[in-house]
Amino acid sequence: MLAFILRRWVQAMIVMVSVAFIAFMLFQYVGDPVVFLLGQDATPEQVRELRSALGLDQPFFVQFWHFLVNAAQGEFGLSLRQGAKVSRLIAERFPATLELALVAALLALVVGIPMGVYAALKRGTFISQVFMTISLLGVSLPTFLIGILLILVFAVQLGWFPSFGRGEVVNLGWWSTGLLTAKGWHHITLPAITLAIFQLTLIMRLVRAEMLEVLRTDYIKFARARGLTNRAVHFGHALKNTLVPVMTITGLQLGGLIAFAIITETVFQWPGMGLLFIQAVTFADIPVMAAYLCLIALIFVVINLIVDLLYFVVDPRLRVEKGGGH
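These numbers were taken from a predicted model, which means no experiment stands behind them.

Asks: An account of the pattern of salt bridges is requested, with residue identities and associated values reported.
Replies: The tally for this structure, following the rule as stated, stands at 3 salt bridges. Here Arg166 makes a salt bridge to Glu99, at a shortest N to O gap of 3.4 Å. In this pair, Arg166 is assigned in the loop between α7 (143-157) and β1 (170-172) and Glu99 in helix α5 (residues 86-121), connecting sequence segments 67 residues apart. Under the relative-accessibility criterion, Arg166 is labelled buried at 9%. The class for Glu99 is buried, based on a relative accessible area of 6%.

Following this line, the structure appears as structure tokens:
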């Protein structure tokens, strides 16, 4: 077990160093931070002094080492656009993005799993066909179009939900949340639905396919032969085995929800990391772009590491095989 964890940890470190190198290259080839900070009218002396203060006059690998050390401490310098520490900007925006991603993931699970089970058990029925049609639409329609349609119908025409913003939030130390207020839930509804639709349809189709596969296995036939009720067979045996790959995919998709909430946050002006990243790209705010890239990579690496460890715990074959992988 220790060897398995160490091997996965080394792989995770290699990935993070590679991502950090890509983020560092942004500083080298996407504009000059000295020009952004001083402007076009700076004198050569001012440019030299600032480059020396920022360490930009040092050799390439020395700069990269300093970047790695600072990144490991969560420090990425100052935002070129706002003049504030990037770590503070990320800390302010991260709760909103994580909150939106968690609500969307929960919604996708709560709705997608029952729909997938129903579509598997009631194949050929009208409602099952409706579910499959909805899943095709959810997979096909782009996220920004879904968001705009929801705003048009539920915010503009019906006036049931607000079209932008996070609403009222409660500060719990450095963490802020809108899930403890009615206005917060009111504001998060449309963005969460928009972000959840693709994941919901993916989970529904995955549950349906896995459920149909499990129902064909021998042990389900033996369970029926023992005289168990359909409820016991479907929900006590089949669904339990169906949810193993579903939970794995859901864990990996959570990282995707956090990383790819950019479009949803832009459409609804949700004050999260995605909107911060879009603004950073618009103004070539390289420190923010680099910090966002490293943070998203870290989230994916941690989630993948947890999933690998869970596989190792659940599947005894991985503890026996020499490779220890899957």
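Asks: Outline the nonpolar core, listing residues and values.
Replies: Judged by nonpolar contacts, the single largest core of 62 residues is most densely connected at Phe67, Ile203, Ile258, Met273 and Ile296. Those elements that place two or more of their residues in this core are α1 (2-29), α4 (60-72), α5, α6 (126-140), α8 (182-215), α10 (230-259), α12 (273-282) and α13 (286-314). In terms of residue count, α5 provides more of this core than any other element does, 18 residues in total. Dropping the residues within four chain positions of it, Ile203 is found in contact with Ala108, Leu109, Gly112, Ile113, Val246 and Thr250. Listed in part, the 6 residues of the second largest apolar core include Ile146, Leu150, Ile151 and Phe268.

Asks: Let's hear about α12: which residues, and what values?
Replies: Buried within α12 are the following residues: Met273, Gly274, Leu275, Leu276, Phe277 and Ala280. Once α12 finishes, Ala284 follows within two positions and takes phi at roughly 55°, a positive value.

Asks: Break down the packing of α5 against α12 for me, citing the residues and quoting the values.
Replies: Contact pair α5 / α12: the axes reach a minimum separation of 7 Å and the direction vectors enclose 130°. By the angle between their axes, α5 is oblique relative to α12. In this structure, α5 contributes Leu89, Ile90, Arg93, Phe94 and Thr97 to the contact, and α12 contributes Met273, Gly274, Leu275, Leu276 and Gln279. Here the residues of the contact of α5 with α12 are counted per class, giving 6 nonpolar, 3 polar and 1 charged.

Asks: Report on the packing of aromatic side chains, specifying residues and quantitative values.
Replies: On inspection of all chains with the given rule, the structure shows 8 aromatic pairs. Seen in terms of ring centroids, Phe94 and Trp175 are 6.3 Å apart; in terms of plane orientation they differ by 80°. Their pairing is edge-to-face. Of the two residues, Phe94 sits in helix α5 while Trp175 sits in strand β2 (residues 175-177), which places them 81 residues apart along the sequence. Relative to Phe131, the ring of Tyr118 lies with its centre 5.8 Å away and its plane at 70°, an arrangement referred to as edge-to-face. Of the two residues, Tyr118 is situated in helix α5 and Phe131 in helix α6; the sequence distance between them amounts to 13 residues. The rings of Phe21, Phe24, Phe64, Phe67 and Phe76 are connected pair by pair, giving a single aromatic cluster.

Asks: Pulling in residues and values, what's your account of the packing of α5 against α8?
Replies: Contact geometry of α5 with α8 gives a least axis separation of 5 Å together with a crossing angle of 35°. Between α5 and α8 lies a crossing of right-handed hand. For the contact of α5 with α8, a count of residues per class yields 28 nonpolar, 3 polar and 2 charged.

Definitions and limits used
- Position numbers for residues count from 1 along each chain, tracking the sequence in the order it is written.
- Whole-chain, interface and lining totals are the exception, using all residues; otherwise, since this is a predicted model, local features are given only for residues with pLDDT of at least 70 and side-chain atom pairs are given and counted only at 80 or more.
- In computing side-chain properties, one takes all heavy atoms of the structure into account and sets aside hydrogens as well as water.
- Any carboxyl oxygen of Asp or Glu that lies within 4 Å of a side-chain nitrogen of Lys or Arg is treated as forming a salt bridge with it.
- Elements are defined by DSSP. Helices are runs of H or I of four residues or more, strands are runs of E of two residues or more, and each kind is numbered from the N terminus.
- Think of it in three bands: with a 1.4 Å probe and only protein chains considered, a residue is buried below 20% of the maximum accessible area for its type, exposed above 50%, and partly exposed in between.
- Only buried residues count toward a nonpolar core, which is a set of Ala, Val, Leu, Ile, Met, Phe, Trp, Tyr and Cys residues joined through side-chain atoms within 4.5 Å.
- The contact rule is simple, with two residues in contact once any of their heavy atoms fall within 4.5 Å.
- Between N-to-C directions, angles span 0 to 180 degrees; the directions come from axes that are lines fitted to C-alpha atoms, helices contributing only their stretch in contact.
- Angle categories: roughly parallel below 35 degrees, roughly antiparallel above 145, roughly perpendicular from 65 to 115, and oblique for all the rest.
- Each residue gets one label: Ala, Val, Leu, Ile, Met, Phe, Trp, Tyr, Cys and Pro are nonpolar, Asp, Glu, Lys and Arg are charged, and the others, such as Gly, are polar.
- Side-chain rings of Phe, Tyr and Trp, where Trp is taken by its six-membered ring, are said to pair if the distance between their centres is within 6.5 Å; with planes under 30 degrees apart they count as stacked, over 60 as edge-to-face, and otherwise as tilted.
- Crossing handedness: left-handed means the near helix sits turned counterclockwise from the far one by under a right angle, and right-handed means the same turn made clockwise.

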